[in-house]
Amino acid sequence: MNPRPWQLQRNLSFPSALAKGNFVVIVETMRRRANSKVCFCAFLSLFAFLSISFYGSSRDVYYQADLNFPPIRPKITYPSSHAITENVEELTGRLNSGGSTVRDSSVESVSVLLPDWEVLMIVSPGSVVNSGERLWCLYANNATSKAIFAGVLPSTNQTTFKCWFPESARRRKMFLQPVLLTRSPEKEKSSEAAPIMIKWRFMAYESFSTEDDVVLFVKGVNNRQGINRSPSDFKCVFGNNGVKTAVTSSTQEVFRCPHPNLTEVDSGGDDERLQIKVSLEISGENLVVPSVAYYTPPSTIALPRRKSLLCACTMVYNAAKFLREWVTYHSKIGVDRFILYDNDSDDDLQTVVKDLNQEGYAMETLLWIWPKTQEAGFSHGAVYVNDSCTWMMYTDVDEFIFAPNWNNSEHPSDQMLKSLLPDTAKSSSSKQRHHHHRIGQVSFSCNEFGPSDQKQHPVEGVTQGYTCRRQEENRHKSIVLLDAIDHSLLNVIHHFGLKENYRSKQVRMEVGLVNHYKYQTWPEFKSKFRRRVSAYVVDWRKASNPNSKDRTPGLGFEPIEPKGWAHKFCEVRDERLKLLTQAWFGNQTSNGLKMAWQR
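The protein chain is annotated in an unreviewed UniProt entry as Glycosyltransferase family 92 protein from Tripterygium wilfordii. Word for word, the UniProt comment on the protein chain under Subcellular location (unreviewed entry) is "Membrane". Reading the Sequence similarities (unreviewed entry) entry of the UniProt record for the protein chain gives the comment "Belongs to the glycosyltransferase 92 family."

Take a look at the structure:
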């Protein structure tokens, strides 16, 4: 088998300052800034020949090579450009002298190229920036775009911004990292010695430390559902000096490994506990995945919180208008606490969450900015709240668990949902605890509701506005015992793999089910069209697998409203939950019936 380009790089005898996968960037710099000295011409010719021979024009090779570790003393920190930049400046007589540079107004950051030409700028630990300050992104060709505050990563407390990647900057063979500026870029000049931008489809993006091990989230390694590479193919690598521990589990985007010996780890900073970069080494390929993830040692993990019996976890995007109804309903029937993974919302979500908290609902929001990572987010949730929740309900904000016999109840009770769980949720009897196959997961079938002749979002709520559904049930949602989840954290969106001594229980629809308000008014459904959050479900926009159950019948590959959308998916008129919630949450006013969640 032919060696890969980034493996060939290791056999080249370049000066140590340049043998870290960045020599292509230096070539570009030399080509544009070279002076008339003969030695520089020879130097440029050598590098140009080698770069063309071994690298061609593959952008994937560039960004993988840039993060390779030297074979003897690996470094994980990204970007590893400071020493490279200094050497380039020495060789070229400080290329930017005589003009304005970005040093005085730049904020140290790392950039990630996301889908749809968005650039995520992650401010480096130790850097201080005001989220309300006006910032800009300056690209290698001196194009600029405004930087918009995107949130704070909860795992590292790093501030993030998003920039639009200008079309003019996309024409280059390499996508170099932009500079984040705190002042107008009109007179600034970009440096051609910038490191190559990390591409979202191949990177380590989050890390979480349990008491026993480290859970690392990595995109682009296990790319197909159900097909995972062996843990023996990988190592977790910590710090500047590349301390390694064995990977014990490799499933989907989740990799687990033991904690490193902290006395051996070099963080490269003054604060050893906050600046330990962690990544995944693919051993047989001499390749380390680009990383923006940081390791948190066990001693800094928060103390256990008060344990709730039943929590709910979901991933949301611009769900502010739906959230109050979903939280009010499920709280009254037994959910004690809500954990929201905010997938880059730009609506009024945080204001609604704040109001709900002030009203006594237990709400927690984590920024989960990473696209198409719903499975990974749910895996993160399973370990994040394992010390504070016993059972976890995994449903979306357009899904409502409902038991038909609740229609006989005049008022909701916080024991209603818990009554659908096995006795082990409420009892610690010896017989139950030692049963060989305890129930570790309860699954509910879904009824899928259609637009029900609605033309705009019903202000009284989805349970009131959508009352017509399909005949055939589809999909299942679950409530899972967190201690029963398999070590791998494997899940198919709303269902987890369980440990050997646990089993799943399917609830009969006459006992309990989920009303899934899936096909709403066209404006609401259209907003979902561009955001398939599952890592393993093809986007609707891609013309592949048209007969998949994940696709909407009658909908093509473009966000174009099908004819008669408002009347589609209406085979059974089902008003059971509508009438029940009216009885529980409706109030008669001079303007008619008003639901408790209406504002």
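Trainee: A description of the state of the cysteines should follow, citing residues and the corresponding values.
Mentor: Inspection of every chain in the model, using the stated rule, returns four disulfides. Across the disulfide, Cys236 is cross-linked to Cys257 (sulfur-sulfur distance 2.2 Å). The sign of the S-S torsion, about -100°, decides the handedness of the disulfide formed by Cys236 and Cys257: left-handed. Here the residue Cys236 occupies a position in strand β11 (residues 234-238), and Cys257 occupies one in strand β14 (residues 254-257), the gap between them amounting to 21 residues. One disulfide in the model links Cys311 with Cys389; its S-S distance is 2.0 Å. Its S-S torsion of about -85° marks the bond between Cys311 and Cys389 as left-handed, since a negative value means left-handed. Here Cys389 lies in strand β20 (residues 389-394) and Cys311 lies in strand β17 (residues 308-316), a separation of 78 residues in the sequence. Assessed through its relative accessible area of 0%, Cys311 is described here as buried. Look at Cys389 and you get buried, because its relative accessible area is 1%. When the bonded cysteines of the protein chain are numbered from the N-terminus onward, they pair as 1-2, 3-4, 5-6, 7-8.

Parameters at a glance
Residues numbered from 1 in each chain as written. Predicted model: local features only at pLDDT ≥ 70, side-chain atom pairs only at ≥ 80, totals over all residues. Heavy atoms only, no water. UniProt positions renumbered as here; feature names shortened; annotations may be inferred. Disulfide = S-S within 2.5 Å. Helix = DSSP H or I, 4+ residues; strand = E, 2+ residues; numbered from the N terminus. Buried < 20%, exposed > 50% of the residue type's maximum accessible area, 1.4 Å probe, protein only.

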